[in-house]
Every structure is written in C-alpha cells, then in structure tokens.
Amino acid sequence: MREWMSRLAGFLGRRRRWILAGWVLVLVLALPLASRQTEHLTGGGFDVPGSQSKAVSDSLERNFASSADGIVVLLKADPGSTRQQQVAAVDRVRKSVAGLDGVTLSPAVAKRADLQLQRTGAATLPLRSGRSSDLLIDSATTLRSDLDPGSAEGGVTTYLAGQPTIWAGMQELSKEDLAKAEAGGFPIVALILLVVFGSLAAAALPLALGFISVMVTGALIYFISLNMETSVFVTNMASMIGIGVAIDYSLFILARYREERRAGRSAEEARGEALATSGLAVAFSGLAVIVSLAGLWMVDNQALRSMALGAMTVVAVSILAATTLLPALIAMLGDRVMPGGIVARVLRFVKYTILRRPKPPIPGGGSESPSISTSFDSRGSRGDGGIDSAFWANWTRRVMARPWVSVLSAGAILLFLAIPVLSLTTGTQALDQFPKGSDVRVGNELASKQLGGGTDPIQIVATFDAHGGGAEGKAAVAGFARRLESTPGVASVAPPAFAGDSVLIQATPSAGSESDAAQALVERLRDPVAPSTKLARVASVNVGGETARSHDVRALISGSMWKIILFVLALSFLVLMAMLRSLLLPLKAVLMNLLSIGAAFGVLVAIFQWGWFDSLLGFESQGALDTINVPLIFAVVFGLSMDYEVFLMSRIRERYMEHGDNERAVAEGLSTSARTISSAALIMTCVFSVFVLTGVPSIKELGLGCAVAIALDATLVRLILVPAAMKLLGDWNWWMPSWLDRLLPDFSFEAGANELEPEPT
C-alpha cells in the first residue's frame with residue numbers, strides 16, 4: 001500500500017498540469033449544480049415506517065384528499081385597516097392557496113374568515129389537504145414565499161401556523177445561519193493557517209481544497225436529491241463537516257511534506273513520503289469517519305439517512321482531493337509552500353521580538369534561515385531521527401514520567417464532565433427554537449389562542465374489516481368520538497369524515513402540539529383509550545398527526561441508539577486493527593473516544609437541558625436535547641476523533657517499526673505530530689464554534705457538542721491519556737496473534753520493509 005501511494009505521488013507530480021486541469025473542469029461543472037442543490041430537497045423525511053403515524057399519513061394521502069387539517073393561515077388587521085384591505089387580504093390567501101398542489105381553502109372557511117376579520121380584527125383559515133406531512137412542509141415553504149408572513153401588507157398582517165409551517169420556517173432560518181457561519185468561519189480558519197504555516201501559499205491550499213470539496217459535494221447532492229428523498233438539512237451537514245475535514249486532511253499531508261523537505265529530501269521524495277505516510281493516514285481516517293456516519297443508516301429514518309449520506313459524500317470528496325489535487329498543487333508551487341515571505345517575517349518578529357522567545361539552536365552553527373520556520377521541523381532537521389520540538393518533547397516526558405497520575409487525572413476530568421449524561425432526555429421543541437419575535441413563533445402562538453388548543457390536531461384513522469362497516473361501524477365511530485370528547489387533554493373533536501372503508505376523526509389537544517402534555521395524550525389514545533373502545537373490535541385504529549409523528553421519531557431514535565453505537569464501535573475497531581496490527585490499541589482508542597464523547601454530552605446536558613449559561617449563548621433552555629442531534633453528534637464526533645487517533649498512531653507505529661522501543665516511539669510520534677493535531681483540532685473547533693454563535697438552538701447544540709468533543713479529544717485524550725496509557729501497556733500495545741496478523745491485509749506506514757515482531761513483556 002505504501003509503495004502504491006509512492007508511485008501515485010510520482011504520477012501526480014509528472015502529470016500535475018493534467019490533474020489540475022481535470023479538477024478545474026470538475027469544479028466548473030459543479031458550480032452551477034451546487035447553486036441548485038436545494039431545488040429538490042425536502043423538509044420532510046421524518047416519517048417512521050411501520051408506525052401508526054405513518055399509517056395515518058398514508059391513509060390521508062390515499063383516502064382523504066382535502067379532508068384533513070394541515071396548515072392554518074392567521075390574519076390580523078391593524079387598527080386603522082379599511083374594509084377593502086381586509087377583503088384583499090383574504091383574497092390574497094385564496095389566490096396563494098390555489099397555486100398549491102393538494103391543498104385547498106373552502107369557500108365557507110374564506111367567507112367565515114372575512115366576517116371574523118370585520119368583527120374582531122383577526123381570523124383563522126384552516127387549509128384542508130390529504131397530502132402527507134412531508135409534502136405539507138414543502139407546501140408551507142411555498143406559502144411563506146408567497147405571503148411573506150409577519151409583514152403588514154395593506155393594513156393586514158399574515159401569519160402561518162401548524163407544524164409544517166414550523167419546519168418550513170426552520171429551513172429558512174437554517175439557510176441564513178449557514179451563510180453567516182460560512183462567512184465567519186473562513187476568515188478565522190485562514191488566520192489560523194497563516195500562523196501555523198507562515199506562508200500565504202501553504203495557507204491557501206487547505207482553504208482551496210475546503211471550498212472545492214464543499215462545491216463538488218453540493219453538485220453531488222443535487223444528483224442525489226433527484227433519485228431519493230433528501231432532507232434540506234443535508235446542506236448544513238455537508239458544509240459543517242466538509243470545511244473542517246478537507247482543511248484537516250490537507251493540513252496533515254502538507255505538514256508532512258514540509259517536514260520531509262526540511263529533513264533534506266528532494267521535492268519529489270518529500271511528496272512521495274508525505275503521500276505514503278500522511279496520505280495513507282488520511283485515507284484511513286476518512287474511512288473511519290465514513291464508517292461512523294454510516295452507522296446512522298441503522299435508523300430507519302430518511303431525513304437522518306440523507307444527512308449522513310451528505311456528510312459521507314463530502315468526506316469521500318475531501319479524501320480524493322487531498323490525495324490527488326493537493327500533491328499536484330504542491331508540485332506546481334514547489335518551495336513556495338515552505339515558510340517565507342512577509343508572513344514568516346511578521347511571525348518571527350512577534351515570536352522573537354514581542355514575545356521574546358529564545359531562538360532555536362541551528363545544527364552546525366550559523367543563524368536561522370530567514371526563509372524557513374521551525375513550525376514543522378522534524379526528525380531529519382536534527383539528524384537524530386527523534387524529537388523536533390522542545391516543548392512537546394518536555395510535555396511528553398512529563399506525562400510519561402507519571403503515567404498513572406496522568407491517566408487518573410485526565411480520566412477523572414472526563415468522567416466528571418460526563419456525569420450529567422445520566423439525566424439526559426430528548427425532545428423536539430421546534431417552535432421554542434425561534435426568537436420570540438419571529439413570525440413563526442408569533443403566528444403559532446396566536447393561532448393556538450384563536451383555536452383554543454394546539455394548532456395540529458391528532459388524527460385518528462380507523463379502517464374497517466370485512467364485516468365492520470355499515471350501521472354497526474357508524475355506531476362504533478360515534479361512540480369513539482364521544483369517548484374522545486370526554487378524554488382529558490382533548491379540547492375539541494371534529495365531525496368524523498368517511499371515505500370508503502375508512503373514517504377520519506380529528507381531536508384538537510388542549511395543550512400545544514409540541515408539549516409533553518400533547519405527547520402524553522397520544523400515548524393515552526393509543527393505549528388504553530383506542531383499544532378499549534368498540535371501534536377497535538370492528539376496525540384497525542391508528543393514531544397519527546404531527547404530534548404522534550414526533551413521538552414516533554423520538555421512540556425510533558432512542559430504540560436505535562444501541563445499534564448505532566454497536567455498529568460504529570465494531571467497524572472502527574476493525575479498521576484500526578487492520579491499520580495498527582494490534583488488538584489493544586484499537587480497544588484503547590474506542591474506549592477513549594467514548595470518554596470524550598460522554599464528556600461532550602455531559603456539557604450539552606448542563607447547558608441545553610439544565611439551562612446553564614444559556615443567556616451567554618443567546619437562547620432559552622429547551623429542557624431536553626434535540627432528538628435527532630444525539631445520534632448525529634455521536635457519529636460525527638466519533639468519526640472525527642478517529643481522524644486524530646489514526647494520524648497520531650500512524651506516526652507512533654512508524655517510529656516503533658524503526659527501532660522497536662515503545663516508549664521512545666510514543667515520545668517521538670507525539671512530539672512530531674502534536675503541533676499538527678493541535679492545529680487541526682483548533683481549526684475544526686473554530687468551524688463548529690461559529691455555528692454555536694449563529695445557529696438556532698438545535699444547530700448551536702450540534703456545533704457546541706462537536707466543538708467540545710474535539711477540543712477534549714485533542715487535549716486530554718491525545719496529549720495525556722494516549723501517551724500515558726501506552727507507557728503503561730508497554731510492548732503489549734503491539735500484540736497481535738500471529739494467525740490473525742496473517743489474515744489481515746497489509747497497510748504498512750513504515751519506511752522499511754522489515755517489521756519487528758514485538759513480544760509482550
């Protein structure tokens with residue numbers, strides 16, 4: 001594998017202009033498609049196959065066209081509005097609804113709203129539709145565009161209400177936040193790269209690859225959305241993951257190239273060594289990320305699966321760009337990617353004049369070259385094959401001098417931070433995530449007051465068996481409706497609507513549609529209310545609607561978490577075992593990743609569930625973590641943590657294969673990679689932190705969870721726990737049964753062909 005990567009580096013160097021031209025052509029073709037990636041995305045995809053809510057949704061679409069409540073339009077007249085303006089407002093709603101597929105506004109409702117507006121200054125217009133909940137979100141998106149809710153036009157302000165309008169508004173808000181995050185994230189990342197590399201050319205390469213990866217992925221998302229239902233939130237996932245991953249992978253390879261050049265290798269040899277070591281590590285770490293994200297496919301939820309697919313796609317594109325385009329660009333730029341120019345001079349001035357850092361000694365006398373920084377000075381620059389950085393060398397020595405103290409102290413901190421996880425609860429409070437003055441929040445709150453309960457009715461569909469129809473069935477339906485009216489938590493019950501062998505009964509909850517009380521009402525209606533009625537003996541009864549669907553999604557994800565965790569842990573263990581030729585090192589990596597993820601979730605519970613520091617972050621605590629964020633954060637963070645594990649362990653294994661000294665290999669591997677890992681983690685943390693500052697609570701939650709986990713992983717885990725634990729394990733780190741070693745494919749990272757056969761001591 002190493003030899004193949006070296007040959008690939010030679011080919012890319014010789015054909016660099018063709019490679020660059022090919023990528024330029026791909027980018028040119030991708031840009032127009034990337035700009036259209038949202039055209040076929042949907043706000044739906046949250047239906048749970050096999051659930052009662054899905055059965056009701058299918059039945060509504062099949063049997064009850066224009067019979068079910070979906071979206072509510074609310075009109076509020078200003079005190080000085082004229083009668084003509086009020087009539088025009090109702091007419092504007094009528095025309096907008098007429099342009100929607102499968103959504104209607106009955107003339108009687110429009111006439112009643114006209115009279116309400118005249119008498120009270122406010123009116124509600126419930127729209128009728130037999131469309132599925134997912135398709136109604138798209139209808140609500142179109143209505144938002146046509147009616148511009150929250151703005152007063154002609155003396156009358158229009159609002160939209162209902163769960164589909166909440167998700168449509170969330171899409172709009174997420175797009176705005178994504179644009180802000182990208183605008184704020186790139187300058188921060190650029191500044192970090194300038195400090196790390198000390199070269200404009202070197203800093204520009206990772207940024208260029210990040211841009212290219214996100215754009216190409218956007219084009220691929222366009223094609224994916226043409227062939228499968230794809231969530232609108234896939235763009236957030238692809239951008240959030242893609243920017244950080246592409247930059248990190250470029251950073252790893254570029255740093256190794258610079259290291260090899262300083263070691264005295266020619267440009268061609270340095271490119272080959274960088275691709276054969278760090279390039280191979282990038283391929284493995286990307287595979288680990290893809291494996292972790294693939295775990296989300298264990299949940300039978302199309303929205304979650306499409307988000308995972310988008311993130312997997314951008315990681316794959318980033319790997320391809322880092323291992324093909326980046327070496328070609330390095331070959332074209334040559335030593336311009338080495339430190340030098342005005343950036344290096346400014347950094348040296350700050351470092352040695354302002355901060356008064358001592359200048360490093362130069363082997364053989366003389367002074368430090370003005371064109372080369374010691375940022376990534378490595379083993380060759382000192383000619384000893386050993387430690388390059390005095391700081392990281394001293395750090396590693398201190399950690400490994402007292403391994404038990406290091407392991408216990410770092411482990412105790414992580415476990416302490418993870419304590420709140422024991423009280424973790426999830427929920428889906430979408431409406432509360434909007435600012436108080438948002439038209440989405442105001443409209444739904446006003447509609448709830450007007451309707452005397454929730455804006456989304458609970459929909460019960462009963463399908464009669466072969467002998468359950470007729471007079472007996474109608475009597476059972478009437479009895480069931482009376483039972484519903486007397487059920488605590490039900491504000492009103494609409495007249496039953498019959499269609500063939502099915503009947504639809506809609507019950508409006510007295511509490512908000514997203515409240516815990518409404519969720520509890522769904523549970524009561526499913527058991528014991530529905531099964532105990534006569535209707536259940538002559539028909540199959542399913543309880544659905546938006547509240548029931550949220551309940552089913554929550555139950556699905558909670559019940560699938562064990563499958564996600566098992567899948568991710570098992571496959572990550574196998575990938576690391578094949579790469580490191582060890583049984584204990586993959587096990588150690590998995591356990592330490594779980595520690596950092598547990599600590600991150602503990603921080604999320606304290607902030608987003610308990611409400612600590614919520615005013616500082618600019619939001620109100622939701623009292624629970626967002627249901628869909630829990631598997632997303634686990635999969636994303638576990639995969640990204642494996643990035644740093646693969647990069648660090650590949651360096652340590654490379655050194656161990658050279659001389660067979662475990663402690664020395666750990667010290668050399670950590671000290672030569674710690675700066676790169678810290679820089680990569682800082683970049684990734686900044687990328688995610690930007691989303692904390694701009695996003696709605698669910699996006700803030702996702703960004704903060706990933707940022708905290710990566711920061712903890714790159715500090716407490718990689719810089720303390722890993723070296724200390726490897727010191728304690730000694731040569732057992734590299735133990736692998738010979739029969740298993742022969743079965744595994746060889747993915748060698750080491751320079752030599754002759755490997756040592758370590759024996760545990």
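For clarity, every value in this text was computed on a predicted model and none was experimentally measured. (Residues numbered from 1 in each chain as written. Predicted model: local features only at pLDDT ≥ 70, side-chain atom pairs only at ≥ 80, totals over all residues. Heavy atoms only, no water.)

Overview of the overall build of the protein chain
- Secondary structure summary: the protein chain contains 26 helices and twelve strands in total.
- With 761 residues in all, the protein chain has 59% of them scored as buried.
- Taking as baseline every contact in the protein chain between residues at least 6 positions apart, the subset at least 24 positions apart corresponds to 82%. (Helix = DSSP H or I, 4+ residues; strand = E, 2+ residues; numbered from the N terminus. Buried < 20%, exposed > 50% of the residue type's maximum accessible area, 1.4 Å probe, protein only. Contact = heavy atoms within 4.5 Å.)

Description of empty space enclosed by the protein
- Within this structure, the stated rule accounts for six cavities of 30 Å³ or more.
- In this structure, the largest cavity encloses a volume near 360 Å³.
- If you go around the largest cavity, you meet 21 residues; those closest to its centre are Phe46, Trp167, Phe233, Asp626 and Ile628.
- When contributions to the lining of the largest cavity are tallied by element, the ones reaching two or more residues are helix H7 (163–197), helix H9 (234–262), helix H20 (546–580), helix H23 (629–659) and helix H25 (697–729).
- Ranked by the residues each element gives to the lining of the largest cavity, the list is headed by H20, at four residues. (1 Å grid on protein atoms, 1.4 Å probe; cavity = no way out; pocket = protein on both sides within 12 Å on 5 of 7 lines; lining within 4 Å. Points joined across faces, edges and corners; volume = space filled by probe spheres on them.)

So, the nonpolar core
- Counting residues in each nonpolar core, the largest one holds 170 residues, and the members touching the most others are Leu193, Ile241, Tyr249, Leu293, Val315 and Phe688.
- In contact with Leu193, not counting residues within four places along its chain, are Gly198, Ala203, Pro206, Leu207, Ile247, Leu251 and Ile683. (Core = buried A, V, L, I, M, F, W, Y, C linked by side-chain atoms within 4.5 Å.)

A word on the packing of aromatic side chains
- In this structure the tally under the stated criterion is eight aromatic pairs.
- Lys474 extends its terminal NZ or CZ atom over the ring of Phe498, reaching a point 6.0 Å from the ring centre. (Phe/Tyr/Trp six-rings, centres within 6.5 Å; stacked < 30°, edge-to-face > 60°. Lys NZ or Arg CZ within 6 Å of the ring centre and 35° of its normal.)

A few points about the pattern of salt bridges
- Tallying each qualifying case throughout the model produces 28 salt bridges.
- Its salt-bridge partner being Glu668, residue Arg664 comes within 2.6 Å of it at the nearest N-O pair. Taken together, the residues span about one helical turn, with Arg664 and Glu668 both in helix H24 (residues 662–694) at a distance of four residues.
- For Arg664, a relative accessible area of 38% puts it in the partly exposed group.
- One salt-bridge network, held together by shared partners, links Arg256, Glu259, Glu260, Arg265, Glu273, Arg651 and Glu654. (Salt bridge = Lys/Arg side-chain N within 4 Å of Asp/Glu carboxyl O.)

With respect to the packing of helix H14 (residues 390–401) against H25
- Close contact between H14 and H25 brings their axes to 9 Å; oriented N to C, the two are set at 55 degrees. The orientation of H14 relative to H25 falls into the category oblique. As for the relative orientation of H14 and H25, their crossing is right-handed in sense. Contact residues: H14 offers Trp392, Trp395, Val399 and Met400, while H25 offers Leu719, Ile720, Pro723, Ala724 and Lys727. (Axes fitted to C-alpha atoms, helices over the stretch in contact; angles between N-to-C directions. Parallel < 35°, antiparallel > 145°, perpendicular 65-115°, else oblique. Left-handed = near helix turned anticlockwise from the far one by under 90°.)

Details of the pairing of strand S3 (residues 122–129)
- Most of S3 sits out of view: seven of its eight residues are buried.
- Where strand S2 (residues 103–104) meets S3, two bridges bridge the pair, whose relative direction is antiparallel. From the neighbouring strand, Thr104 faces S3, where its bridge partner is Arg128. (Pairing = 2+ DSSP bridges.)

So, the confidence of the model for the protein chain
- Per-residue confidence for the protein chain averages 83 on the pLDDT scale, and 89% of its residues sit at or above 70.
- Contacts for the low-pLDDT stretch residues 362–388, under 50 throughout, to residues beyond four places or in other chains number 65 contacts.
- Across residues 751–761, where pLDDT falls below 50, the model places 19 contacts with residues more than four positions away in sequence or in other chains. (pLDDT = per-residue confidence, 0-100.)

Observations concerning unusual backbone geometry
- Cis geometry marks the peptide bond from Asp527 to Pro528, where omega comes out at 25 degrees.
- Of note, the phi angle at Asp148 is positive, near 50 degrees, even though the residue is not glycine.
- Secondary-structure assignment places Asp148 in the loop between helix H6 (133–147) and strand S4 (152–153).
- By relative accessible area, Asp148 is classed as partly exposed at 45%.
- At Arg581, a residue that is not glycine, the phi angle is positive and equals roughly 55 degrees.

Comments concerning the environment of His659
- By the element assignment, His659 lies in helix H23.
- Judged by its relative accessible area of 24%, His659 falls in the partly exposed class.
- A distance of 3.2 Å separates a polar atom in the side chain of His659 from a polar atom in the side chain of Glu668. (Polar contact = N/O pair within 3.5 Å; in protein donor to acceptor, adjacent residues only side chain to side chain.)

Re helix H1 (residues 2–14)
- The first and last C-alpha atoms of H1 sit 19 Å apart over 13 residues, in line with the 18 Å expected at 1.5 Å per residue.
- Within H1 the residues assigned to the buried category are Arg2, Met5, Leu8, Ala9, Gly10, Leu12 and Gly13.
- Taken together, the buried residues of H1 touch helix H2 (16–34), helix H10 (267–294) and helix H11 (302–333). (Expected span 1.5 Å × (residues − 1).)

Some remarks on a nonpolar patch on the surface
- On the surface, Trp610, Trp612, Phe613 and Leu616 cluster together into a nonpolar patch covering about 520 Å² of accessible area.
- Following the sequence through the fold, Phe613 ends up in the loop between helix H21 (584–609) and helix H22 (614–617).
- For Phe613, a relative accessible area of 54% gives the class exposed. (Patch = residues over 30% accessible without salt bridge, like charges linked within 9 Å, V, L, I, M, F, W, Y side chains within 5 Å. Areas by Shrake-Rupley, 256 points an atom, 1.4 Å probe, with all protein chains shown as cover.)

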